[in-house]
Amino acid sequence: MAHHGIHHVTAIAGPARRNMDFYTRVLGLRLVKKTVNFDDPGTYHFYYGDESGEPGSILTFFPWEHVAPGRAGVGSTQETSFCVPEASIGFWAHRLLEKGVAHQAPEKRFGQSVLAFKDPDGMNLALVGIADAEGAAPWASDVPTDAAIRGLNGVTLLVEDAERTGAILTDVFGFRETSRDGSLIRYSGDAAIGGTVDIRSAKGFLPGRQGGGSVHHVAFRAADDAAQDAMVRRLAEHHGIRTTEQRDRNYFRSVYFREPGGILFEIATDEPGFTADEPRERLGQDLKLPPFLEQRRSEIETVLPALA
Ligand code: ZN
């Protein structure tokens, strides 16, 4: 059965080592893939996720050592959130403090407990307590299993006109509008993780500026090439939007387009997944390169920043 939801979120970070320490040691995510930015192979591309790197669990980063900070604003992603078991919010508030990560007071949004905080680059993150937090197997870190992050919860998008962006979610990506709260509209997909997109209308605010701590794009799931192709046709026929040609990202195949609110969206296939080039038990341990970069491996390894 096809699952409707977010496939991954990709953001921009500062120093690679600091980024890796935060997501693996503080949040307890698995480094699912260590590769390079295929369009800029002198920089890393890190993928964090659950034990097997399920679609919907994946947050990825392009770490640039000397990146300028970004700014949240209209036409950008305001927050990225993860699902945790409802009863673990207290554990996380304590853990973040213990690790020196400031967080806001837990609050209720749409009836759910939310703990908001920032990563070392100022990226807005939140943990959302889910009563029946399913999702695939979480990664076995020093975070107890009954508190571990299950996957992405979703994103909050800030755009001039929520309805126009929402129309893409419902008509193309299989989401439904499920509730409203002031200027915020919630759209839900049927996937257990990565199934929430909140869209806030904000007319007259400053536009966002990409940089450290900014989300670069949000990728939505297509089961396979045929499902992706159907979405591409729907975008053209119903919304007058053209996507890029399909690009092979080794672990999924992608097309990209800018949605009406100005945010870069991607449609990524669930196949082949992160075990395409290394077994599940070794995910993330070695630097993996796509075939077209393999002959440049020693040169690439020399310029990549040290991680230890
Ligand atoms: Zn992507």
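Everything discussed here concerns the structure shown above.
None of the values given here were measured: they were computed from a predicted structure.

(A) Seen up close, the environment of Glu 301. Looking at the element boundaries, Glu 301 is found in helix α6 (residues 297–303). For Glu 301, a relative accessible area of 43% translates into the label partly exposed. Between the C-alpha atom of Glu 301 and that of Leu 287, which follows or precedes it by 14 residues, the distance is 8.6 Å.

(B) Spatial organisation of the sheet that holds strand β6 (residues 107–109). Taken in spatial order, the eight strands line up as β6-β7-β8-β5-β9-β12-β11-β10 in an open sheet, and their pairing is mixed. The sheet is open, and its two borders are formed by β6 and β10 (176–181), each paired with just one other strand. Between one strand axis and the next, the sheet turns by 30 degrees as a mean value, whatever way the strands run. Sheet topology places strand β5 (residues 76–85) next to strand β8 (residues 124–130); six bridges connect them, and they run parallel. The residue bridging Ser 81 from the neighbouring strand is Ala 126, located in β8.

(C) Region of the structure containing the pattern of salt bridges. Enumeration over the complete set of coordinates arrives at 21 salt bridges. Residue Lys 33 is joined to Glu 278 by a salt bridge in which the shortest nitrogen-to-oxygen separation is 2.8 Å. Of this pair, Lys 33 sits in strand β2 (residues 30–37) while Glu 278 sits in the loop between β16 (264–269) and α5 (291–294); the two residues are 245 residues apart in sequence, bridging distant segments of the chain. Note on Lys 33: relative accessible area 0%, which makes it buried. Residue classification places Glu 278 among the buried residues on the basis of a relative accessible area of 5%. The salt bridge partner of Arg 282 is Asp 286, with a shortest N-O separation of 3.0 Å. Salt bridges here are not isolated pairs; linked through shared partners, they connect Lys 33, Asp 277 and Glu 278.

Rules used in this analysis
Residues numbered from 1 in each chain as written. Predicted model: local features only at pLDDT ≥ 70, side-chain atom pairs only at ≥ 80, totals over all residues. Heavy atoms only, no water. Helix = DSSP H or I, 4+ residues; strand = E, 2+ residues; numbered from the N terminus. Buried < 20%, exposed > 50% of the residue type's maximum accessible area, 1.4 Å probe, protein only. Pairing = 2+ DSSP bridges. Axes fitted to C-alpha atoms, helices over the stretch in contact; angles between N-to-C directions. Salt bridge = Lys/Arg side-chain N within 4 Å of Asp/Glu carboxyl O.

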